[in-house]
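Summary of structural features
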Amino acid sequence: MTILDTARKILHEGPICDHCLGRQFAKLSTGLSNDRRGRAIKLVLAMQASADKDDELLETLKKSNESKCWVCNDLFTHLDPWAQKVVISLSDYEYDNFLVGTKVTGLLAENEEIIWAESATTFAEPLKTELNREVGKRIEKLTGKKANLKKPQIVALLDLENDKVELEVNSLYIYGRYRKLIRGIPQTRWPCRECGGSGCERCGNTGRMYQESVDELIKPHLIAAAECEDTAFHGAGREDIDALMLGDGRPFIVEAKKPHRRRIDLKDLESEINKVSNGKIEVVGLKFIESEAVEQLKSMKADKVYRLKIIHCTTEEKLKSSLDIISQTPIKQNTPTRVLHRRADLERIRKVHSADLESFNEDTAVLNINCEGGLYVKELISGDNGRTVPSIASLTGSEAKVIELEVIKVG
Ligand SMILES: [Zn+2]
Ligand SMILES: [Zn+2]
């Protein structure tokens with residue numbers, strides 16, 4: 001069947017606008033809008049009808065241009081108002097790019113099914129594809145911003161049923177490193193063990209085990225700067241609550257959810273966080289980053305350098321020789337007893353790259369341990385009743401225990 005035969009068949013169904021007719025041939029010849037395709041087809045058909053003295057077809061074509069389109073209900077005469085509606089709802093947000101989407105009504109979807117079945121054309125594109133593109137072009141003109149199909153900052157959904165625009169505002173991601181300068185702060189909010197977060201006597205109705213966390217020391221400042229609804233914190237692993245995080249800090253990404261502002265001065269944000277957290281934590285090197293970085297950060301098994309203070313009852317010589325051995329022997333660790341209640345009991349092998357003695361006293365010593373990520377360093381010292389082998393305790397043949405822990409370097 002030729003294009004004109006198919007077009008004739010479609011016109012036979014009822015009055016149809018240029019957009020809806022042209023859309024049935026959208027995949028033929030590029031660089032054209034569907035309404036121009038539709039107009040061209042109607043023009044050729046009208047000329048043919050004149051030549052053939054086909055009054056019926058001429059009448060059908062005339063009706064087609066005067067009556068409401070049965071496929072889209074004249075939706076395509078409202079492209080400008082839809083674009084304006086989107087621009088108005090976007091006006092509260094900072095964005096560099098956007099995308100238009102459409103929630104099609106059941107009626108329009110049904111009409112589309114009918115016309116595809118009747119015309120049997122294989123060159124059509126869906127109604128919403130055309131609508132998204134046409135409204136998008138108009139928004140580009142009105143705002144000077146570009147539509148972005150792959151990674152839009154904001155998706156404007158045309159809700160045809162309810163005649164309104166719904167926005168999906170994608171998160172803004174900020175990468176940085178944090179240093180934890182005092183002990184007793186968890187990385188993220190830790191709900192009260194007693195009440196699970198609802199508030200009880202034990203937690204003084206705060207619903208939490210610790211009053212502050214790295215996450216919560218950052219959150220209010222980002223909410224203020226990005227005017228966002230909420231934030232989410234993603235860390236590259238975490239240190240124990242009682243451990244310091246020093247050196248150049250631990251990598252993290254903080255996500256501003258539904259932000260109104262994206263052009264944040266990160267230097268300002270950084271100094272604001274550091275000023276208010278008053279020596280508890282410090283963030284450095286804040287920069288904008290893509291969403292994919294969160295997955296990479298979470299799966300990162302970075303090496304760590306720990307500085308730890310231990311109590312022992314051995315000699316300097318014995319301690320030194322056991323440090324030599326652990327830096328040359330793969331460490332076999334079963335899940336530590338202290339975390340067994342929330343983790344599976346697995347055996348893992350980790351490497352210690354280097355283990356040095358920084359200072360030695362009669363009952364205490366300070367060690368620097370550089371090891372693979374995922375090594376439980378407290379158990380490397382204590383041996384955890386034989387669950388970590390070898391350990392400083394097993395090698396010196398005496399008890400040893402970490403009393404202070406600092407993370408000096410991650411990655
Ligand atoms: Zn139409
Ligand atoms: Zn509680």
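To be clear, the structure that these remarks concern was listed above.
Residues numbered from 1 in each chain as written. Chains lettered and ligands numbered in written order. Predicted model: local features only at pLDDT ≥ 70, side-chain atom pairs only at ≥ 80, totals over all residues. Heavy atoms only, no water.

So, the pattern of salt bridges
Heads up, the rule is: Think of a salt bridge as a Lys or Arg side-chain nitrogen and an Asp or Glu carboxyl oxygen that are within 4 Å of each other. In this description a helix means any DSSP run of H or I spanning at least four residues, a strand means any run of E spanning at least two, and both kinds are numbered starting from the N terminus. The buried label applies to any residue whose accessible area, calculated with a 1.4 Å probe on protein chains only, is under 20% of its type's maximum; exposed applies above 50%, and partly exposed to all values in between.
For the structure on display, the rule yields 38 salt bridges. Ionic pairing is found between Glu166 and Lys103, a salt bridge with its closest N-O pair at 3.2 Å. Note that Glu166 is positioned in strand 4 (residues 164–169) and Lys103 in strand 1 (residues 97–103), a separation of 63 residues in sequence. Among the residues examined, Glu166 registers a relative accessible area of 31% and is labelled partly exposed. Here Arg183 makes a salt bridge to Glu404, at a shortest N to O gap of 3.3 Å.

Details of the nonpolar core
Definition in use: Take the buried residues of types Ala, Val, Leu, Ile, Met, Phe, Trp, Tyr and Cys, join any two whose side-chain atoms come within 4.5 Å, and each joined set is a nonpolar core. Should any heavy atoms of two residues lie within 4.5 Å, those residues are considered in contact.
Counting residues in hydrophobic clusters, the biggest one holds 47 residues, and the most contacted among them are Leu308, Leu367 and Ile369. Non-local contacts of Ile369, meaning those with residues more than four positions away in its chain, are made with Lys304, Val305, Tyr306, Leu308, Ile326, Val352, Ser354, Ala355, Val377 and Leu380.

Here's the deal with the coordination of the zinc ion (ligand 1)
The following threshold applies: Water is absent from the atoms considered, so a metal site may look incomplete; donors are defined as N, O and S atoms within 2.8 Å of the metal, or 3.2 Å for Na, K and Ca. Under this scheme a four-donor centre is tetrahedral when all angles range from 85 to 135 degrees, a four-donor centre is square planar and a six-donor centre octahedral when opposite donors are above 155 degrees with the rest from 65 to 115, and any other centre is irregular.
For the zinc ion (ligand 1), the full set of protein donor atoms is Cys17 (SG), Cys20 (SG), Cys69 (SG) and Cys72 (SG), at a range of 2.2 to 2.3 Å. Taken together, the 4 donor atoms coordinating the zinc ion (ligand 1) and their angles of 107 to 114° define a geometry best described as tetrahedral. As a motif over one chain, the donors of the zinc ion (ligand 1) read C-x2-C-x48-C-x2-C. In this pair, Cys20 sits in helix 2 (residues 18–23) while Cys69 sits in the loop between helix 4 (55–66) and helix 5 (79–90), placing the two residues 49 residues apart along the sequence. In this structure, Cys20 and Cys69 share a single accessibility class: buried.

Here's the deal with the side chain of Glu216
Quick reminder of the rule: By the criterion applied in these results, polar contacts are pairs of N or O atoms within 3.5 Å in which, for protein atoms, one can donate a hydrogen and the other can accept it, and in which residues neighboring in sequence qualify only through two side-chain atoms.
One can find Glu216 in helix 8 (residues 214–226). Reaching out from Glu216, the side chain makes a polar contact with the side chain of Arg208 at a distance of 2.4 Å. Within polar-contact distance, the side chain of Glu216 engages the side chain of Ser213 at 2.6 Å. If we skip the residues at most four places from it in the chain, Glu216 touches Arg189 and Arg208.

A word on the sheet that holds strand 14 (residues 388–389)
Inclusion rule: One requirement defines pairing of two strands: DSSP has to find at least two bridges between them.
With respect to topology, 3 strands assemble into an open sheet ordered 11-10-14, the strand pairing being antiparallel. Edge strands, defined here as strands with exactly one partner in the open sheet, are strand 11 (347–350) and strand 14. In terms of strand pairing, strand 10 (residues 331–334) meets strand 14 through 2 bridges, oriented antiparallel. Across the sheet, residue Lys332 finds its bridge partner in strand 14, namely Val389.

Nothing here speaks to function; it is all geometry.
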